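Listed below, chain by chain, are the residues.
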Amino acid sequence: MAIFRNGAPVASAGVNFRLTDGSTHTYSGYVEDAPATRVELGGLEGGPVMRVRLPRDLQLPARLSVDICLVLKEPTLAIDFSAEISGDMGLEGCLGVIAKSIMTNATLLGENVFAGVSKNENSGEFELYVTKPYLTNGMFVVHFGES
């Protein structure tokens, strides 16, 4: 697990990225002006959010690994963790565990980050939302694997 918070206006580090083959069961999020569906986000439901949409027919194994990479700006907050989740809780329950883990890790740094799960009644997709006060931009990647 890695958690990073930067309050400075500019930060730099020597980071080298290399593209590899794409992975199945990897989903990315994007910034929206407001949630598309009803979800509880600590009173910030009317503001910008990061949203990851997952297909309604996504089948998860009983024991799965999940990798989360989340960057929320400004100021920058990065949360990166991997976990194993087991049990017969379905996709919605699994996303709820992820949402709670994101909020718990942010709390370790004293950050007010809110996450929630909703089902889009029009598309049937499950949506994982994350927000924080003054959210302007970000990156959110969720990867599922079998453990």
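Residue positions are given per chain, counted from 1 along the sequence in the order it is written. For a predicted model such as this one, the threshold for reporting local features is a pLDDT of at least 70, and the threshold for listing and counting side-chain atom pairs is 80 or more; totals across whole chains, interfaces and linings nevertheless cover every residue. No hydrogens and no water enter the side-chain calculation; it runs on all heavy atoms of the structure.

> Explain the overall build of the protein chain here, please?
Secondary structure elements follow DSSP: runs of H or I of four or more residues count as helices, runs of E of two or more count as strands, with numbering from the N terminus. If you tally the helices and strands in the protein chain, you get one helix and eight strands. Burial classification: accessible surface area is computed with a 1.4 Å probe over protein chains only, and a residue below 20% of its type maximum counts as buried, one above 50% as exposed, and the rest as partly exposed. The burial tally for the protein chain puts 38% of its 147 residues in the buried class. By sequence separation, contacts in the protein chain at least 24 residues apart represent 65% of the contacts at least 6 residues apart. We call two residues in contact whenever any of their non-hydrogen atoms come within 4.5 Å of each other.

> What am I meant to see in unusual backbone geometry here?
The phi angle of most residues is negative, glycine excepted, and most peptide bonds adopt the trans form. The peptide bond linking Lys73 to Glu74 adopts the cis configuration, its omega dihedral lying at -5°. Its location among the elements puts Glu74 in the loop between strand 4 (63–73) and strand 5 (76–86). For the bond running from Glu74 to Pro75, omega is -10°, close enough to zero to count as cis. Its identity as a non-glycine residue notwithstanding, His25 has a phi of 60°, on the positive side. For His25, the location among the structural elements is in the loop between strand 1 (2–6) and strand 2 (26–32). Its identity is not glycine, yet Tyr134 carries a phi of approximately 65°, on the positive side.

> Looking at this structure, how should I read the pattern of salt bridges?
Opposite charge on two side chains lets them pair, provided their charged atoms get close. Note on definitions: salt bridges are taken to be side-chain nitrogens of Lys or Arg within 4 Å of carboxyl oxygens of Asp or Glu. Across all of its chains, the model carries five salt bridges by this definition. Residues Glu127 and Arg51 are paired through a salt bridge, measuring 2.6 Å at the closest nitrogen-oxygen approach. Remark: Arg51 occurs in strand 3 (residues 49–54) and Glu127 occurs in strand 7 (residues 126–131); sequence separation between them is 76 residues. Comparing Glu127 with Arg51, the two get one shared label, buried. One salt bridge connects Glu74 with Lys73, and the closest N-O pair in it is separated by 3.2 Å. For Glu74, a relative accessible area of 34% gives the class partly exposed. According to the relative accessible area criterion, Lys73 is partly exposed, its value standing at 29%. Via salt bridges that share partners, Glu32, Arg51 and Glu127 belong to a single interconnected network.

> For this particular structure, what's the right way to read the side chain of Thr37?
Inspection of the secondary structure assignment puts Thr37 in the loop between strand 2 and strand 3. Definition of a polar contact: a pair of N or O atoms within 3.5 Å, with one able to donate and the other able to accept a hydrogen when the atoms are protein atoms, and with sequence-neighbouring residues admitted only if both atoms are side-chain atoms. A distance of 2.8 Å separates polar atoms of two side chains, one belonging to Thr37 and the other to Ser118. Setting aside its immediate chain neighbours within four residues, Thr37 contacts Ser118, Lys119, Asn120, Glu127 and Tyr129.

> What is the right way to look at the nonpolar core in this model?
If you look at soluble globular proteins, the nonpolar side chains tend to sit buried side by side. In this structure, Ile68, Ile98, Ile102, Val130, Phe140 and Phe144 are the most contacted members of the largest nonpolar core, which totals 30 residues. Of all elements in the fold, only strand 3, strand 4, strand 5, helix 1 (90–107), strand 7 and strand 8 (137–146) reach the threshold of two or more residues within this core. By residue number, the principal contributor to this core is helix 1, which donates seven residues. Residues within four places of Ile98 in sequence aside, it is in contact with Val66, Ile68, Phe81, Ile85, Leu128 and Phe144. Take the buried Ala, Val, Leu, Ile, Met, Phe, Trp, Tyr and Cys residues and link them wherever side-chain atoms come within 4.5 Å; each set so joined is a nonpolar core.

> Explanation requested: helix 1 in the structure shown.
In an α-helix, one turn spans 3.6 residues; hence positions three or four apart end up facing the same way. Taking 1.5 Å of rise per residue, 18 residues should cover 26 Å, and helix 1 covers 26 Å from first to last C-alpha, within 8% of that figure. Looking only at helix 1, the buried set comprises Leu91, Cys94, Leu95, Ile98, Ala99, Ile102, Asn105 and Ala106. In an axial view of helix 1, the angular spread of the buried residues amounts to 145°, which keeps them on one side of the axis. In helix 1, the exposed positions angled more than 90 degrees off the buried face are occupied by Lys100 and Thr107. In a helix, the anticipated span is given by 1.5 Å times the number of residues less one. When we speak of the arc, we mean the arc of directions from the helix axis to the C-beta atoms.

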